[in-house]
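Descriptive structure summary
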Amino acid sequence: MVLTAILWGIAAATPSAAGASGATIPHRALWPDPINSPAEFDRASRAEILVFARELAESDALDEAALKNRPGVDAVDMASVERLRHKLWKLLTANYVLASRGCVANEAFCPGEIDPNNLRRVAEAFSGALVQPRYRPWFEDAVRFQRSYLDELVLLAAVFPHRNSEVETFNDNELTGWDLHDRQFLLSFDDGPTAGPRQEAPNAENTDRTLDMLRRNNINAVFFAIGKSFRMRLRDSSDEAMKTLYSGMCVGSHGWVHESHATSPQWQESVASSSKLLADNLPDSYVPAFRPPYGQRSPDSGPYLRSRGLRLILWNIDSHDWDDGLTADDVEARTMSLMLLWRRGFILFHDFFPRAQTVVPRLVSWLAHDGIAWADCHDINWTPRGP
Ligand SMILES: [Zn+2]
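These numbers come from a predicted model, not from an experiment.

1. As for the overall build of the protein
- A count of helical and extended segments in the protein gives 13 helices and nine strands.
- In terms of overall dimensions, the protein is globule-like: its C-alpha atoms have a radius of gyration of 21 Å, near the 21 Å expected for 387 residues.
- Each principal axis of the C-alpha atoms in the protein carries an extent, and together these give about 60 × 45 × 40 Å.
- For the protein, buried positions account for 58% of its 387 residues.

2. Details of the side chain of Asn 173
- In this structure, Asn 173 sits in the loop between α6 (136–158) and β1 (174–175).
- Judged by its relative accessible area of 1%, Asn 173 falls in the buried class.
- Side-chain polar atoms of Asn 173 contact the backbone oxygen of Leu 310, separated by 3.0 Å.
- Discounting chain neighbours no more than four positions away, the residues touching Asn 173 are Gly 302, Leu 305, Arg 306, Leu 310, Arg 311, Leu 312, Pro 384 and Arg 385.

3. Topic: the pattern of salt bridges
- According to the stated counting rule, one finds 28 salt bridges in the structure shown.
- For Asp 182, the salt bridge goes to Arg 101, with nearest N and O atoms at 3.1 Å. With a gap of 81 residues between them, Asp 182 in the loop between β1 and β2 (184–190) and Arg 101 in the loop between α4 (78–99) and α5 (119–125) connect regions that are remote in the sequence.
- Arg 101 gets classed as exposed once you look at its relative accessible area, which sits at 52%.
- Look at the salt bridges and you will find they share partners, linking Asp 42, Arg 101, Asp 182, Arg 183, Arg 343 and Arg 344 into a network.

4. Description of the pairing of strand β8 (residues 344–350)
- Of all seven residues in β8, seven are buried, a share of seventy percent or more.
- Pairing of strand β7 (residues 317–318) with β8, which is carried by two bridges, proceeds in the parallel orientation. Within the sheet, the bridge partner assigned to Ile 317 lies in β8 and is Ile 347.
- Crossover handedness for the path β7 to helix α12 (residues 328–342) to β8: right-handed.

5. Quick look at the pairing of β2
- Most of β2 is tucked away: seven of the seven residues are buried.
- Where burial is concerned, the two faces of β2 agree: the one with Gln 184, Leu 186, Ser 188 and Asp 190 and the one with Phe 185, Leu 187 and Phe 189 are both buried.
- Relative to strand β9 (residues 373–374), β2 runs parallel, the two being bridged by two bridges. Of the residues in β9, the one forming a bridge with Gln 184 is Ala 373.
- Bridge count for β2 against strand β3 (residues 222–225) is three bridges, and the pairing is parallel. Its bridge partner lying in β3, Ser 188 is registered against Val 222.
- Regarding the hand of the β-α-β motif, the stretch spanning β2, helix α7 (residues 206–216) and β3 is right-handed.

6. Structural notes on the coordination of the zinc ion
- Every protein donor of the zinc ion is listed here as Asp 191 (OD), His 254 (NE2) and His 258 (NE2), and their distances to the metal cover 2.0 to 2.2 Å.
- A relative accessible area of 2% places His 254 in the buried class.

7. What to know about the packing of aromatic side chains
- All told, the structure shown has 20 aromatic pairs when counted by the stated rule.
- Three or more aromatic residues link up through ring pairs in this structure, and these residues are Trp 31, Phe 109, Phe 126, Tyr 135, Trp 138 and Phe 139.
- When the ring centre of Tyr 135 is taken as reference, the NZ or CZ atom of Arg 134 above it lies at 5.1 Å.

About the criteria used
- Residues numbered from 1 in each chain as written.
- Predicted model: local features only at pLDDT ≥ 70, side-chain atom pairs only at ≥ 80, totals over all residues.
- Heavy atoms only, no water.
- Helix = DSSP H or I, 4+ residues; strand = E, 2+ residues; numbered from the N terminus.
- Rg over C-alpha atoms; globule rule 2.2 N^0.38 Å.
- Buried < 20%, exposed > 50% of the residue type's maximum accessible area, 1.4 Å probe, protein only.
- Polar contact = N/O pair within 3.5 Å; in protein donor to acceptor, adjacent residues only side chain to side chain.
- Contact = heavy atoms within 4.5 Å.
- Salt bridge = Lys/Arg side-chain N within 4 Å of Asp/Glu carboxyl O.
- Pairing = 2+ DSSP bridges.
- Right-handed = clockwise from strand over helix to strand, strands pointing away.
- Donors = N, O, S within 2.8 Å, 3.2 Å for Na, K, Ca; no water.
- Phe/Tyr/Trp six-rings, centres within 6.5 Å; stacked < 30°, edge-to-face > 60°.
- Lys NZ or Arg CZ within 6 Å of the ring centre and 35° of its normal.

In structure tokens, the structure reads:
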């Protein structure tokens, strides 16, 4: 996630409010209500949607010259930025309608009259003055976070497709997570497997601990494994041990080595060799899915992946658990705010790093009564799409 890290660094405008990494983190404790029921989830969701939409309405005024002034942005693809804006308004409008279903008179953050076409107008008029006093500390903080998060997305779009990422897809064979049902989330873990027990490595057993944590919580996930790391772990253990390790989970490829599959001349070989290794050794867990490191893939990868029977999998919620400047609390807060905003999707975590081991159980218990469904990885349609 190096590219995102760079872009994030320049997007964070208020260092005093940022974590050590420069990432802006919401303070969820400022939300004054419990989130222990579907209605409470929806109220918090409406609130995040309105704040994000308000920032989007303001950001829509940034033209090419304004975007070019941002440090690190050498060229701006305005067509891509416009596509992002259009997509975001569509998603926000649909989500606001979903989050407003249970609205009753005088309920906070409900529209007076639900009119999907008016979300922009509602958002433009939405300000701290309209928010009940008890929500104002949250409001100021949410504005700061959502502005920074929107910057993150806009800057990813500004350099797309020159530097591509999860912000946009190239074809129907690429899946991001927007297609899940409302309140449905799939957990995904990248960059493993780490070294196993009794091995000398700073992150040894992170994959094992992540899997234990998921099983304790009765939940499954898709793992995108690095071929070279899998082969090393296989040599240090056995094929039976690897089958047992990933039992009940889904495992796809993250390439043979962790490098951009947009620029590597060997990207096809990387995909083919890692997929074959995983398919041969994990007949029950393997799924024909490829997640490119950093989300970076060759723009014309569609026909090749389809010919190999593979689907390309991105994400729409980046937990930032890869960011060494963030604590587990930070990662939890960011992920929660994005889950409230987007209401569905593929959440990017890493079994390579330890933070998800703390964050995921908290999310599971926090959302246990909110009508949240953790998608079963076996129910995802991994079958390739398109001609
Ligand atoms: Zn990765």
